[in-house]
Amino acid sequence: MTTPKILAATGFLHLLTCIVGEDISKMSGLEFCAVSNLPVSAGLGSSATFAVCMAAAMLLLSDRICKEASTKQFCKSEYDTYLEDIIPEEMKHKLKECLGQFSKHENIQSFQTVALPEEMKCLVCDWSFQCERLIHGTPSGIDNSVSCFGGMIKYTSGKMTALKDYPVLNVLLANTCVPRSTKAMVAGVKERYDQFPQVIKPVLDSIQAISEHCEAELTKLHHLQSSTTTSDNLSEADIYKRLNILIDMNQHSLNLLGVGHPQIDVVCKVTKEYGLSSKLTGAGGGGCVLTLLPQDLGNSEESVRAIKEKLSGFELWKTKLACLGVCIHVITN
């Protein structure tokens with residue numbers, strides 16, 4: 001059986017030989033370190049984020065993307081704030097240690113964040129997709145695309161469209177630690193469709209409609225946060241209430257498709273006790289569960305603490321959706 005480590009090493013070597021190629025013989029003293037807090041095979045696109053980072057690193061190494069594209073300078077306090085925003089507490093020491101070891105800077109004082117222009121992101125995305133194909137065979141391309149470009153992407157019938165108006169959302173992720181196979185989950189849905197097409201087709205149509213309604217609500221939330229009003233005079237609380245209803249309907253629909261799991265149900269039940277809604281991520285059958293949190297995290301801190309106590313056997317962490325895509329961080333001190 002091919003392990004995740006072997007697959008990751010294979011993807012790394014594929015990108016190194018294809019992108020850097022013979023130029024690698026002219027380089028010396030190269031060390032690569034990958035640090036991630038994403039669980040593997042849990043429906044969070046861990047392989048896609050790895051592929052995107054590796055592709056960007058190789059393209060940077062071969063001078064095919066430019067690290068002077070668009071930079072922002074951070075001082076140490078801003079650096080610590082940056083870590084606070086995107087990295088859980090337990091990962092900070094590991095990342096700083098890794099950066100210090102491989103950059104020869106034990107005490108990082110400042111760094112630059114490089115935002116790549118669209119054409120460079122497209123190059124990174126294309127190469128990361130090739131790596132995903134090597135790992136998964138026939139991926140959709142959505143995982144590496146959203147990892148590369150960030151934000152939110154609408155995926156319909158094989159076509160991807162980047163959403164222009166979207167808010168940044170606070171979410172709680174719970175890892176059920178139940179292993180599952182995407183291939184098996186997809187096969188199970190197809191089997192149900194073949195057996196009961198008149199039942200399953202309406203369920204799939206319903207999921208499509210739920211997604212479209214969710215897109216509309218997210219657009220309203222973005223406009224409300226930008227201009228303090230919406231065309232139908234909805235408040236932020238109104239929109240979050242509607243989003244929670246849509247999340248519940250989506251999860252129930254996914255259960256009808258047979259991709260649920262008792263441990264997923266446990267998470268949904270516990271979060272519902274505190275007025276929050278949850279749904280599975282990825283192919284389902286285990287993996288991770290996503291719970292939408294209010295925009296003002298201060299109003300949900302007590303609930304999150306209580307949820308973590310009740311779900312002590314699960315891995316839980318808070319994060320954000322629709323953030324930046326691939327960036328390059330250059331230590332400057």
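Anything mentioned here points back to the structure above.
A brief structural summary. Computed from a predicted model, the values in this text were never measured in an experiment.

**Thoughts on helix α1 (residues 4–20)**
Here α1 is 17 residues long and its end C-alpha atoms lie 23 Å apart, about the 24 Å a rise of 1.5 Å per residue gives. The inward-facing, buried residues of α1 contact α2 (46–61) and α5 (118–136).

**Quick notes on unusual backbone geometry**
Phi is positive for Asp 63, close to 60 degrees, though the residue is something other than glycine. Residues other than glycine seldom take positive phi values, yet Cys 177 does so here, at roughly 65 degrees. Along the chain, the position of Cys 177 falls in the loop between β5 (169–175) and α7 (182–195).

**Looking at the sheet that holds strand β7 (residues 288–293)**
Pairing is antiparallel across the open sheet formed by four strands, whose spatial order is β6-β7-β5-β8. One side of each edge strand has no neighbouring strand; the edge strands of this open sheet are β6 (278–280) and β8 (315–321). Across the sheet, the mean angle from the axis of one strand to that of its neighbour is 30 degrees, orientation sign disregarded. Sheet topology note: the β6/β7 ladder contains three bridges and is antiparallel. By the bridge assignment for β7, Ser 278 is matched with Thr 291. Across the face of the sheet, helix α9 (residues 236–256) comes into contact with β5, β6 and β7 while running at roughly 35 degrees to β6. Packed onto the sheet, helix α10 (residues 262–272) meets β5, β6 and β7 and runs at close to 165 degrees relative to β6.

**A short note on the pairing of β5**
Taken across its seven residues, β5 has seven buried, putting it largely inside the fold. Here β5 runs beside β7; their pairing, made up of six bridges, is antiparallel. Residue pairing for β7: Ala 174 is matched across the bridge by Val 289.

Conventions we followed
- Residues numbered from 1 in each chain as written.
- Predicted model: local features only at pLDDT ≥ 70, side-chain atom pairs only at ≥ 80, totals over all residues.
- Heavy atoms only, no water.
- Helix = DSSP H or I, 4+ residues; strand = E, 2+ residues; numbered from the N terminus.
- Expected span 1.5 Å × (residues − 1).
- Contact = heavy atoms within 4.5 Å.
- Pairing = 2+ DSSP bridges.
- Axes fitted to C-alpha atoms, helices over the stretch in contact; angles between N-to-C directions.
- Buried < 20%, exposed > 50% of the residue type's maximum accessible area, 1.4 Å probe, protein only.

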